Amino acid sequence: MKFSSLKINTIVISILAVLALAVSIFFAYSFPKLPVISDSADYHEIASRILTDKTYVTISSDKILYPPMYPIFLSVVYAFTHIGSFTSVYFVQYLLVGLMAVLVFLILRRFAKVSIGLCVLASLATLFWPYFILYSQLVSSEIVYSFLLLLFFYLFLHIKKESSNKLVVASGIILGLALITRPVALLMLPWILIGFFILGKMPKIFGVFSVPWKKYLLILLVTTIVLVPWITYVKIKYDRFIPIASNLSFVFKKANSTFAYLPDTAPREQESKFVSLLKVKAKNIYLFWDPGASGYHLDIIKTTYPVAGFAVSFYKIFFFLVLFLAGFGAVLLRKNPLVQICVLLITYFWALHTVLFPFPRYTLPIIPYVVIVAVVAFSYGTTYFKTARIHRLTGKERESRN
């Protein structure tokens, strides 16, 4: 019995949905309870005050304004359950991870010539990526942000010159929501457009492709419009003009002055501040790809599940294997449109966090794109070697006949 592509997709998506639901229930009730401190406590306070006081509050004596999307997400979950219902938050967040796995599957099925098995493998890698699991069990914006970014990417891939404006507007709205979740993607689309312009000037290296510039510029316009209500609210309520969040100055100070995230890199007396800064940024280039899997969160998990130590070792091997394949694909498949867009997106976050500071949590949102490029590269490699083997065997058969 033959199945159509639509039936296969429906079956796989259904299985992924059921799996995500089952695992989400398991994690929500069996995952070690992690502390709600630091940013998590801030998010919880803002969401609570949205419900109790119908207002959006600043944090600490510095009157920091956090981006609004994640506190709003929390407040919606609290409204359907109760304030402080962290288990419900974790449950919903892992369901979003499940939706991300579905999006990875659909992207590969629609825009890459890879087998159904590899599409499923990429989806499962996303669904069970350790840091997606960890951050789904924290009061933190990573999962909501990663989901919105991937949903935008999925819509963005569909946009052509003949695409309807509804698709373009939807893409702009989703990107806008991602930005008011975490503003790090503020310059991502301009980066991609500049990248397209540069790649288009080198057709022998990157191939010839068409860019729907008007559609992409419309996305930028819609995204900007999405930001306006938040900017206006802050101006009216707090008499402050900020693009998205007010803590960007603290971020730049931490990244380029105090180096608080790298306590072992204090500048030496004989070095100028500029030389010390260059050394730190040079380290950031490779620290961005640190697989992580350490820290007090892992210690808590190991206490409950000692097998986590073995799982960490496996994860690190798998991480670097995926990274190697993605690097291989980025070079050899540079004319592939899907690979091109993935690489432009990946390099944006890599460059940004080289300038700022790298942690595994900042690498996490681009993991689906790394997995996609790795899978496309693996498919290309296996097809190439199979074809070469067939040609070699065919050549031997011809020689024996002669």
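Before any of the text, the structure's been laid out above.
Rules of the game
Sequence order as written defines the numbering, with residues in each chain counted from 1. Confidence filtering applies because this is a predicted model: local features only for residues at pLDDT of at least 70, side-chain atom pairs given and counted only at 80 or more, and all residues used for totals across whole chains, interfaces and linings. To obtain the side-chain values, all non-hydrogen atoms of the structure were included, while hydrogens and water were left out. Surface patches are defined over residues having more than 30% relative accessible area and no salt bridge, joining like charges when they lie within 9 Å and nonpolar side chains (Val, Leu, Ile, Met, Phe, Trp, Tyr) when within 5 Å. Methods summary: accessible areas were calculated by the Shrake-Rupley approach with a probe of 1.4 Å, and residue burial reflects only the protein chains presented. One speaks of a salt bridge when a side-chain nitrogen belonging to Lys or Arg is within 4 Å of a carboxyl oxygen belonging to Asp or Glu. Under the DSSP-based scheme used, a helix requires at least four consecutive residues in state H or I and a strand at least two consecutive residues in state E, with every element numbered from the N terminus. To qualify as a nonpolar core, a set must consist of buried Ala, Val, Leu, Ile, Met, Phe, Trp, Tyr and Cys residues joined through side-chain atoms within 4.5 Å. Burial classes follow relative accessibility: with a 1.4 Å probe on protein chains only, a residue under 20% of its type's maximum area counts as buried, one over 50% as exposed, and anything between as partly exposed. Only heavy atoms enter the contact rule, under which two residues are in contact if any of them lie within 4.5 Å. An axis is simply a line fitted to the C-alpha atoms; with a helix, the fit covers only the stretch in contact. Between two such axes, the angle follows the N-to-C directions and lies from 0 to 180 degrees. When an angle is under 35 degrees it counts as roughly parallel; over 145 it counts as roughly antiparallel; between 65 and 115 it counts as roughly perpendicular; any other value is oblique. Crossing chirality is assigned from the near helix's rotation relative to the far helix, an anticlockwise turn below a right angle marking it left-handed and a clockwise turn marking it right-handed. Throughout, the ten residues Ala, Val, Leu, Ile, Met, Phe, Trp, Tyr, Cys and Pro are labelled nonpolar, Asp, Glu, Lys and Arg are labelled charged, and all others, Gly among them, are labelled polar. Any pair of Phe, Tyr and Trp rings, taking the six-membered ring for Trp, is counted once the centres come within 6.5 Å. Such a pair is stacked with planes under 30 degrees apart, edge-to-face with planes over 60 apart, and tilted for the rest. In this analysis the charged atom, NZ for Lys or CZ for Arg, is taken to sit over a ring once it is within 6 Å of the ring centre and within 35 degrees of the ring normal.

**Student:** Any details on a nonpolar patch on the surface? Residues and values, ideally.
**Tutor:** A surface patch of nonpolar side chains, amounting to about 550 Å² of accessible area, comprises Ile194, Phe197, Ile198, Met202, Ile205 and Trp213. The greatest single-element share of the nonpolar patch, amounting to three residues, is contributed by helix α9 (residues 188–200).

**Student:** Please provide a residue-by-residue account of the nonpolar core, values included.
**Tutor:** Generally speaking, nonpolar side chains in soluble globular proteins are found buried as a group. Within the largest apolar cluster, 119 residues are counted, with the highest numbers of intra-cluster contacts made by Leu108, Phe153, Met188, Leu338 and Phe349. Excluding its chain neighbours within four sequence positions, the residues that come into contact with leucine 108 are Val114, Cys119, Ala122, Ile372, Val375 and Val376.

**Student:** Which residues make up the packing of helix α1 (residues 5–30) against helix α5 (residues 116–127), and what are the values?
**Tutor:** When two helices pack together, their arrangement is given by the angle between the helix axes and the distance between those axes. Contact pair α1 / α5: the axes reach a minimum separation of 12 Å and the direction vectors enclose 20 degrees. On the basis of their axis angle, the class for α1 and α5 is roughly parallel. The interaxial crossing formed by α1 with α5 has right-handed handedness. Two secondary-structure elements touch here, α1 through Ile8, Val12, Leu16, Leu19 and Ala20 and α5 through Ile116, Val120, Ser123, Leu124 and Leu127. Per-class residue counts for the contact of α1 with α5 are nine nonpolar, one polar and no charged.

**Student:** Describe the pattern of salt bridges, with residues and values.
**Tutor:** Evaluation of the coordinates by the stated rule reveals four salt bridges. Residue glutamate 142 is joined to arginine 182 by a salt bridge in which the shortest nitrogen-to-oxygen separation is 3.2 Å. Of this pair, glutamate 142 sits in helix α7 (residues 142–158) while arginine 182 sits in the loop between α8 (165–179) and α9; the two residues are 40 residues apart in sequence, bridging distant segments of the chain. A salt bridge links aspartate 239 to lysine 235, with the nearest nitrogen and oxygen atoms 3.2 Å apart. The network of salt bridges with common partners includes Glu142, Arg182 and Arg361.

**Student:** Which residues make up the environment of leucine 34, and what values go with them?
**Tutor:** Tracing the backbone shows leucine 34 in the loop between α1 and α2 (39–52). Taking the relative accessible area as the measure of exposure, leucine 34 reaches 6% and is therefore buried. Along the sequence, leucine 34 and glutamine 137 sit 103 residues apart, while their C-alpha atoms lie 7.6 Å from each other.

**Student:** Describe in detail the packing of aromatic side chains, supporting the description with residues and values.
**Tutor:** Following the criterion strictly, the structure yields 27 aromatic pairs and no others. With centroids separated by 5.9 Å and ring planes inclined at 55 degrees, the aromatic side chains of phenylalanine 196 and phenylalanine 209 adopt a geometry described as tilted. Of the two residues, phenylalanine 196 is situated in helix α9 and phenylalanine 209 in the loop between α10 (203–206) and α11 (213–238); the sequence distance between them amounts to 13 residues. Residue class for phenylalanine 196 comes out buried when judged on its relative accessible area of 5%. Taking 5.0 Å as the distance between ring centres and 85 degrees as the angle between the ring planes, the aromatic pair formed by tyrosine 348 and phenylalanine 349 counts as edge-to-face. Taking relative accessible area as the criterion, tyrosine 348 reaches 5% and is therefore assigned buried. Residue classification places phenylalanine 349 among the buried residues on the basis of a relative accessible area of 1%. Members of the aromatic cluster, each reached through a chain of ring pairs, are Trp129, Tyr131, Tyr135, Phe314, Tyr315, Phe318, Phe319 and Phe320. If you follow arginine 182 out to its NZ or CZ, it ends over the ring of tyrosine 145, 5.4 Å from the centre. Geometry around tyrosine 238 places lysine 237 over its ring, the cationic atom sitting 5.4 Å from the centre.

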